[in-house]
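Architecture and fold: a report
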Amino acid sequence: MAATVQPYEANTGGETKHDNIGNINFGSNDSYEIVPATYPISFTNSGTYYSYEKYIGLKISGTYTKVDNLQWWMATSPSTGVSLYSSNTANTVFAAPVMTVSSKATNACPTSDPGTANIGIGGAFGGNSASSATTYSNYVCLQLRINGPTASPGDMTQLTFTFQYDEQ
Amino acid sequence: MSFHWRITSRTGEIYEGEEDSFPSPEQKISANTFELFLSDDCSIQAPYGQNIIGRSISLSIPDGHCLAFKRRVRVEMCNGIESITHTYIIAFEKVEQ
């Protein structure tokens with residue numbers, strides 16, 4: 001008798017959606033729950049390097065009246081020389097993920113509770129899902145950027161991804 | 001973490017919510033008193049800026065207002081581990097005459 005809200009990720013030009021992903025690992029392959037050691041991002045000490053974009057959203061299902069106010073943020077700071085960028089529009093449209101500079105993930109990620117919705121439903125931050133409908137939210141596009149001169153090789157700091165929603 | 005609730009309407013009817021269900025818009029509009037019971041201690045944001053930790057709360061809804069009640073769910077993911085916290089939010093909303 002409650003909503004189930006789980007993160008999902010879409011990959012490939014076919015926009016294949018994978019529900020209830022267990023992590024958001026960035027790397028050199030367009031797939032979900034990747035193993036970074038298998039798909040590392042190679043870089044040298046000059047230039048900027050990019051992970052594949054990740055299209056993340058929330059899937060709403062279960063038995064509920066209304067779910068709204070979807071929010072996300074990424075607490076903790078990435079390692080030196082590593083930056084995480086995101087889209088910030090309610091209706092981020094999917095495109096085949098790229099490993100070059102993203103045209104969508106161009107904003108600094110929120111690092112604390114944004115206070116208002118920052119994941120769209122139906123193309124609007126003020127949108128909602130109601131009456132036990134199974135709904136996929138709009139996307140947040142994420143991309144990791146590595147600054148070659150300052151980044152260090154190896155695993156980066158683990159980040160905490162937080163999402164939040166209201167149910168009524 | 002589960003909850004149930006009881007609303008006594010302004011005309012004396014009693015409505016009770018099954019576990020983890022929410023009152024309907026009609027029940028919230030009709031509410032005179034609202035009682036919330038939680039299975040464990042949890043954060044409750046009550047009207048007028050009161051934030052408490054507890055398992056139950058009982059409120060009277062002022063004239064000209066209706067009940068707003070929702071659960072805010074926060075999920076933190078790190079290294080494949082999920083941590084979930086709930087906050088129950090209760091407010092009074094002015095009814096347009």
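A brief structural summary. (Residues numbered from 1 in each chain as written. Chains lettered and ligands numbered in written order. Predicted model: local features only at pLDDT ≥ 70, side-chain atom pairs only at ≥ 80, totals over all residues. Heavy atoms only, no water.)

**Structural notes on the interface of chain B and chain A**
Of the residues lining the interface, 18 residues belong to chain B; the matching set on chain A comes to 20 residues. In terms of surface lost to chain A, no three residues of chain B exceed B:Val73, B:Arg74 and B:Met77, which account for 32% of the buried area on that side. The salt bridge involving B:Lys70 is made with A:Asp166; its shortest N-O contact spans 3.4 Å. Along the contact surface separating chain B from chain A lie 8 residue pairs in polar contact (both at pLDDT 80 or more). A total of 10 residues in the side of chain B that touches chain A trace back to one element, the largest contributor, which is strand 5 (residues 65-78) of chain B. Looking at side-chain class alone, the side of chain B that touches chain A contains 6 nonpolar, 3 polar and 9 charged residues. (Contact = heavy atoms within 4.5 Å. Buried area = accessible area lost by both parts, 1.4 Å probe. Salt bridge = Lys/Arg side-chain N within 4 Å of Asp/Glu carboxyl O. Polar contact = N/O pair within 3.5 Å; in protein donor to acceptor, adjacent residues only side chain to side chain. Helix = DSSP H or I, 4+ residues; strand = E, 2+ residues; numbered from the N terminus. Nonpolar A, V, L, I, M, F, W, Y, C, P; charged D, E, K, R; others polar.)

**Focus: the nonpolar core**
A:Val5, A:Val67, A:Leu70, A:Trp72, A:Leu142, A:Phe161 and A:Phe163 are the most contacted members of the largest nonpolar core, which totals 31 residues. If sequence neighbours within four positions are ignored, A:Val67 has contacts with A:Ala3, A:Val5, A:Ile60, A:Ile121, A:Asn128, A:Ser129, A:Tyr165, A:Asp166 and A:Glu167. B:Phe22, B:Leu36, B:Ile61 and B:Tyr88 belong to the second largest nonpolar core, which has 19 residues in total. (Core = buried A, V, L, I, M, F, W, Y, C linked by side-chain atoms within 4.5 Å. Buried < 20%, exposed > 50% of the residue type's maximum accessible area, 1.4 Å probe, protein only.)

**Description of the pairing of strand 10 (residues 140-147) of chain A**
Residue and element names in this part refer to chain A. Burial analysis of strand 10 places 7 of its 8 residues in the buried class, which makes it a mostly covered element. The pairing of strand 4 (residues 54-62) with strand 10 spans 3 bridges and is antiparallel. Across the sheet, residue Ile56 finds its bridge partner in strand 10, namely Val140. Of the pairings in the sheet, the one linking strand 6 (residues 82-86) to strand 10 comprises 5 bridges and is antiparallel in character. Of the residues in strand 10, the one forming a bridge with Ser83 is Arg145. (Pairing = 2+ DSSP bridges.)

Note that every value here comes from positions in space, so none of it alone points to a role or purpose.
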